[in-house]
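# Close look at the chain arrangement
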Amino acid sequence: MDSYLLQISPPTPTSNRLSWIVPGAPRADADRKRKASRKLQFHEGVDLGLESSLVEASGTVDFPVPKLRRLSACPSVELVPGSLSTICFFSRLKNIDAYTSQTPVVAPGLCDEIIARADEVGTTKGWGTYVFAKRTLHVNDDRDLVRLTKGVCLGVKRACEQLYGSKMDWTQRNEPHIVSYIHTGSSKEGFTHVDWHTDSSEVTFLLSLSPLKSYSGGGTVIEAESKEKHIHLGQGEVLIFEGGKERHRGVKITEGKRVLLVGFLKRVSE
Ligand SMILES: O=C(O)CCC(=O)C(=O)O
Ligand SMILES: [Fe+2]
């Protein structure tokens, strides 16, 4: 299993600029890989000082300053506002060019806040529907959802760009969106799964906002990876794959609620 290392320097209280560096570990030889991970272990949480030869891609992103207040309230250093760590480890799936984060990229508290706001909007303004999913919301239709998810979405979009080596943009102005599965106990109601499909995207990210304990069943299956493998993401973890190419489905939940933050992206030239 290859590990893909994404190093992110966090913002400081005086700066709202987030820097990203992807060390060249995936393509580096085993020795350089070992060296990189040793350094990561020794320097977790601070400037990792990776050798420039290991740096494969980098970039910066600006995000709203007010969110920085979260930093001082949170003992851990944040990747983007609301996230847990300066470093995100991605694992490549076995058979296809797809990745899961090995650790959460969004803190549980922020995941819960996003779910709560989505429920509020869905209940008061009504859930949207599209061809596959019956309980959806466009994040951009609600200012609070934008505020809560902006940093996370920019961060994950940036991770997608670095993993696939191309600049990306949302497929539509109203991207990203929330998908909320619910099992009501009655066979007629609820929205428990999504059947086999491809997305109207090139790259899709699925970020689980729900903790695993809040539902039974569920998970994502990608046909070319394995029809038997249910990819279960913990709260705040993200799956990144070529959703427009790879047929996939959302497995039926048999209990509870499963909420995802979903982003549809397309490659754009620089
Ligand atoms: O529930 C899942 O894991 C899949 C969701 C999905 O494929 C979609 O919303 O397009
Ligand atoms: Fe999909």
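Scroll up to find the structure this text is about.
Residues numbered from 1 in each chain as written. Chains lettered and ligands numbered in written order. Predicted model: local features only at pLDDT ≥ 70, side-chain atom pairs only at ≥ 80, totals over all residues. Heavy atoms only, no water.

## As for the coordination of the iron ion (ligand 2)
The condition that has to hold: Sites may look incomplete because water is not among the atoms; the donors themselves are N, O and S atoms within 2.8 Å of the metal, or within 3.2 Å for Na, K and Ca.
His-197 (NE2), Asp-199 (OD) and His-248 (NE2) make up the full set of protein donors to the iron ion (ligand 2), lying at 2.1 to 2.2 Å. The sequence pattern formed by the donor residues of the iron ion (ligand 2) is H-x1-D-x48-H.

## Considering the site of ligand 1
How we decide: When we say a residue is near a molecule or strand, we mean one of its heavy atoms is within 4 Å of it. Here a polar contact means two N or O atoms within 3.5 Å. Within protein one must be a hydrogen donor candidate and the other an acceptor candidate, and residues neighboring in sequence count only if both atoms are side-chain atoms. Throughout, the Shrake-Rupley method with a 1.4 Å probe supplies accessible areas, and for residues the shown protein chains are the sole cover considered.
Close to ligand 1 lie 13 residues; Tyr-181, Asp-199, Thr-220, His-248 and Arg-258 are nearest. The contact in question runs from an oxygen atom of ligand 1 to an N or O atom on the side chain of Asp-199, over 3.0 Å. The side chain of Thr-220 places a nitrogen or oxygen atom 2.5 Å from an oxygen atom of ligand 1. Out of a free accessible area of 290 Å², ligand 1 has 100% covered by protein chains.

## Some points on the pairing of strand S13 (residues 238–241)
This is how the line gets drawn: Throughout this description, buried means an accessible area under 20% of the type-specific maximum (1.4 Å probe, protein chains only), exposed means over 50%, and partly exposed covers the range between. Per the convention used, a helix needs a DSSP run of H or I reaching at least four residues, while a strand needs a run of E reaching at least two, with both numbered from the N terminus. Note on pairing: DSSP must find at least two bridges between two strands before they are called paired.
Of the two faces of S13, the one carrying Val-238 and Ile-240 and the one carrying Leu-239 and Phe-241 are both buried. Relative to S13, strand S5 (residues 99–101) runs antiparallel, the two being bridged by two bridges. Residue pairing across strands places Tyr-99 opposite Ile-240, the latter belonging to S13. Here four bridges tie strand S10 (residues 203–208) to S13, and the two strands are oriented antiparallel to one another.

## Here we look at unusual backbone geometry
As a rule of thumb, non-glycine residues mostly have phi less than zero, and peptide bonds are mostly trans rather than cis. Between Glu-175 and Pro-176 the backbone carries a cis peptide bond, its omega angle lying at 0°. Mapped onto the elements, Pro-176 comes out in the loop between strand S7 (168–170) and strand S8 (177–182).

## Describing the side chain of Thr-192
Note that Thr-192 resides in the loop between S8 and strand S9 (194–197). For Thr-192, a relative accessible area of 14% corresponds to the buried category.

## Comments concerning helix H3 (residues 108–125)
The line we're drawing: Each helix should span, by expectation, one fewer than its residue count multiplied by 1.5 Å.
End to end, H3 covers 25 Å across 18 residues, agreeing with the expected 26 Å (1.5 Å per residue, within 8%). When we look at burial in H3, the residues that qualify are Leu-110, Cys-111, Ile-114, Ile-115, Arg-117, Ala-118, Val-121 and Gly-122. Note on H3: the residue one or two positions beyond its end, Gly-126, has a positive phi of about 95°.

## Side note on the packing of aromatic side chains
We apply this condition: Planes of paired rings set the category: under 30 degrees apart is stacked, over 60 is edge-to-face and the rest tilted, where pairs are Phe, Tyr or Trp rings (Trp by its six-membered ring) whose centres lie within 6.5 Å. Here, over-ring charges are defined by two tests on the NZ atom of lysine or the CZ atom of arginine: distance to the ring centre within 6 Å, and angle to the ring normal within 35 degrees.
For the structure shown, the criterion picks out three aromatic pairs. Pairing Tyr-99 with Tyr-164 gives two aromatic rings, centres 5.6 Å apart and planes at 80°, and the pair type is edge-to-face. Of this pair, Tyr-99 sits in strand S5 while Tyr-164 sits in helix H4 (residues 143–164); the two residues are 65 residues apart in sequence, bridging distant segments of the chain. The pair Tyr-99 / Tyr-164 is uniform in exposure class, with both members buried. Between Tyr-181 and Phe-191, the ring centres sit 4.8 Å apart and the planes meet at 25°, which makes this aromatic pair stacked. With Tyr-181 in strand S8 and Phe-191 in the loop between S8 and S9, the pair connects residues that are ten residues apart, well separated along the chain. For the pair Tyr-181 and Phe-191, a shared accessibility class is recorded, and that class is buried. Here the basic side chain of Arg-135 rests over the ring of Trp-127, its NZ or CZ set 4.3 Å away from the ring centre.

## Describing the environment of Asp-169
Selection rule: In this analysis, two residues are considered to be in contact whenever any of their non-hydrogen atoms come within 4.5 Å of each other.
Relative to the assigned elements, Asp-169 resides in strand S7. Sequence-distant contacts of Asp-169, that is, excluding residues within four places in its chain, are made with Lys-157, Phe-264, Leu-265, Lys-266 and Val-268.

## Side note on the pattern of salt bridges
Selection criterion: Here, a salt bridge means any side-chain nitrogen of Lys or Arg that lies within 4 Å of a carboxyl oxygen of Asp or Glu.
Inspection of every chain in the model, using the stated rule, returns 15 salt bridges. As a salt-bridge pair, Glu-120 and Arg-117 come within 2.3 Å of each other at their nearest N and O atoms. Pair noted here: Glu-120 and Arg-117 are both in helix H3, with a separation of three residues, about one helical turn. The exposure class of Arg-117 is buried, given its relative accessible area of 18%.

The quantities given are spatial measurements derived from coordinates; they are silent on function.
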